[in-house]
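# What the coordinates show
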Amino acid sequence: MTGRIGNTRADFPADFLFGAATSAYQIEGHAFGGAGPCQWDSFAATPGNVVRGEDGARACDHYHRYPEDLDLVKEGGFDCYRFSTSWARILPDGRGTPNAAGLDFYDRLTDALLERGLKPCVTLYHWELPSALRDMGGWQNRDIAGWFADFAQIVMGRIGDRMYSAATINEPWCIAWLGHFSGDHAPGLRDIRATARALHHVLLAHGRAVETMRAMGIGNLGAVCNFEHVLPAGPTDADAAAADRYDAIFNRFFLSGMFHRRYPDQVLAGIGPYLPRGWQDDFVTIGAPVDWVGLNYYTCKRIAQAPGPWPALTEVPGALPKTAMGWEIHPEGLRYFLNRVRDEFTGDLPLFVTENGMAGDDAIRAGRVDDAARVAYLDAHLGAVRQAIAQGVPVRGYFVWSLLDNYEWALGYDKRFGLVHVDFETLQRVPKASYHALKQALQRSAAQDVKVT
Ligand code: IFM
């Protein structure tokens, strides 16, 4: 039995926005339209990095099928669509002459959204760093802040006039930590000095892009970070301290840089010696005011002390039900973070849940995908958002990750996060039960229609 979503549009403020989210490399098809090589192409081509060596060359072929996909967003009853622009598609060499076909694509996409009455919410960067910039050190090179600001100017010079909102960089933690410390993501480094530089430069690039867009007269600018509810694995002081270190790296470093103009001591204890010279002087740029903050939230983590050098911690599996990613389902963490981000960093600034969702072992049976676990997951997390709103947190919108099954980075195409099932042979789209349940929940009453227009 599939179930229904009990937390419906009527339970949220009249101007609350519901959206679906995607990202460029995960759905577009990077082989199409003159995109240049990016760090994920070569990472995937290196044996052992990505399950079955899969890459984003074709992905969901959204590059050609975007009208059908946007119809699904519209018919699902959503208000907004969160997408990202591929740096390597727009600037195949990372800098210099733009690829006209790339800009044209995002221009068409924007108009197609507006024609359907959907609000376009762009994220400038979701991880497909052009290989030419990677060759010059990528996120380790301080110059990336200027390269990124130039990219922001080019993108927003073309589509900025029609965006509802613009975010700079999706999940800085993944870029810096997974890409440079654990090596799980492109460029696949395991080096604390590279990590320290990436941690700082990703924030500097964010700030430079905000300043650039602000100077262009573009508003509603935001930052998007990911959060995991950190719990000590055991009752010892050592585990509590390890959990606090993880929390500082994952949940506090980026917002602390942007809103408090400093880095947490627990992180400086590890990366301090490796930060680039003069890093303390960059906080005015890093702290460039934003108009909203987006939270991506999926799970909790249990952390224990571990032997070895900083950060000397390890993840321990927990007992809660898990998604196909092995991530525990813990909706309370979303309510917790909405409150905590407001209390510790953002105050009255609007907050959005910019990603939330789960991977499931979804299969088509008799023409249907019964993803009951996703229906329950979304309902529980929407309930957590309602609780936060009731507690006075200024949450203004919620985006499901993701519209479509897509390329889950190092895990290839197996991990299905979509509201819509994608057959990666035929590329046929089949809305899952969760899509239908959400569509039902998002229906407007006649009275609500009057209020929003
Ligand atoms: O698929 C990713 C996305 O690219 C960034 N946020 C988390 C999602 C699920 O892992």
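Our subject in this report is the structure included herewith. Keep in mind that this is a model prediction, so the values were computed, not measured.

### Notes on the site of the ligand
- The immediate surroundings of the ligand are formed by Gln-26, His-126, Trp-127, Asn-170, Glu-171, Tyr-298, Trp-327, Glu-355, Trp-401, Glu-408, Trp-409 and Phe-417.
- Here Glu-355 contributes a side-chain N or O atom positioned 2.5 Å from a nitrogen atom of the ligand.
- Relative to its free-state accessible area of 280 Å², the ligand is covered by the protein chains to the extent of 96%.
- Split by residue class, the shell around the ligand holds six nonpolar, three polar and three charged.

### Points about the pattern of salt bridges
- Tallying each qualifying case throughout the model produces 32 salt bridges.
- For Asp-291, the salt bridge identified is with Arg-214, shortest N-O distance 2.9 Å. Taken together, the positions of Asp-291 in the loop between α12 (283-286) and β6 (292-305) and Arg-214 in helix α9 (residues 192-215) put the pair 77 residues apart, joining distant regions of the chain.
- The partly exposed category is assigned to Arg-214, whose relative accessible area is 33%.
- Here the salt bridges do not stand alone but share partners, grouping Asp-104, Asp-107, Asp-111, Arg-158, Asp-161 and Arg-162 into one network.

### A few points about unusual backbone geometry
- Look at the link from Ala-186 to Pro-187: it is a cis peptide, with omega at 10°.
- Its location among the elements puts Pro-187 in the loop between α8 (172-180) and α9.
- Cis geometry is adopted by the peptide bond preceding Pro-311, which originates at Trp-310 and carries an omega value of 10°.
- With respect to the secondary-structure elements, Pro-311 resides in the loop between β6 and β7 (313-316).
- Here the phi dihedral of Asp-61 falls at roughly 55°; this positive angle occurs in a residue that is not glycine.
- Tracing the backbone shows Asp-61 in the loop between α2 (39-45) and α3 (62-75).
- Here Asp-61 falls in the buried class, since its relative accessible area comes to 9%.
- A positive phi is found at Trp-127, a non-glycine position, where the angle reads about 95°.
- Here Trp-127 lies in the loop between β3 (119-125) and α6 (131-135).
- Given the relative accessible area of 6%, Trp-127 is considered buried.

### Quick look at the environment of Val-430
- With respect to the secondary-structure elements, Val-430 resides in strand β11 (residues 429-431).
- Taking relative accessible area as the criterion, Val-430 reaches 12% and is therefore assigned buried.
- Residues Val-430 and Ile-5, spaced 425 residues apart in sequence, show a C-alpha to C-alpha distance of 19 Å.
- In contact with Val-430, not counting residues within four places along its chain, are Ile-364, Gly-367, Val-420 and His-421.

### Digging into the pairing of strand β1 (residues 17-21)
- Most of β1 is tucked away: five of the five residues are buried.
- Of the two faces of β1, both are covered, the one formed by Leu-17, Gly-19 and Ala-21 as well as the one formed by Phe-18 and Ala-20.
- Sheet topology places β1 next to strand β9 (residues 395-401); five bridges connect them, and they run parallel. Residue pairing for β9: Gly-19 is matched across the bridge by Phe-399.
- Sheet analysis places β1 next to strand β2 (residues 80-84), joined by three bridges and oriented parallel.

### Quick look at the side chain of Thr-123
- Tracing the sequence through the fold places Thr-123 in strand β3.
- Classification of Thr-123 as buried rests on a relative accessible area of 2%.
- Apart from residues no more than four positions distant in its own chain, Thr-123 is found in contact with Arg-82, Phe-83, Ser-84, Thr-85, Ala-167, Thr-168, Ile-169 and Asn-170.

Conventions used here
Residues numbered from 1 in each chain as written. Predicted model: local features only at pLDDT ≥ 70, side-chain atom pairs only at ≥ 80, totals over all residues. Heavy atoms only, no water. Near = heavy atom within 4 Å. Polar contact = N/O pair within 3.5 Å; in protein donor to acceptor, adjacent residues only side chain to side chain. Areas by Shrake-Rupley, 256 points an atom, 1.4 Å probe, with all protein chains shown as cover. Nonpolar A, V, L, I, M, F, W, Y, C, P; charged D, E, K, R; others polar. Salt bridge = Lys/Arg side-chain N within 4 Å of Asp/Glu carboxyl O. Helix = DSSP H or I, 4+ residues; strand = E, 2+ residues; numbered from the N terminus. Buried < 20%, exposed > 50% of the residue type's maximum accessible area, 1.4 Å probe, protein only. Contact = heavy atoms within 4.5 Å. Pairing = 2+ DSSP bridges.

On their own, these measurements won't tell you what the molecule is for.
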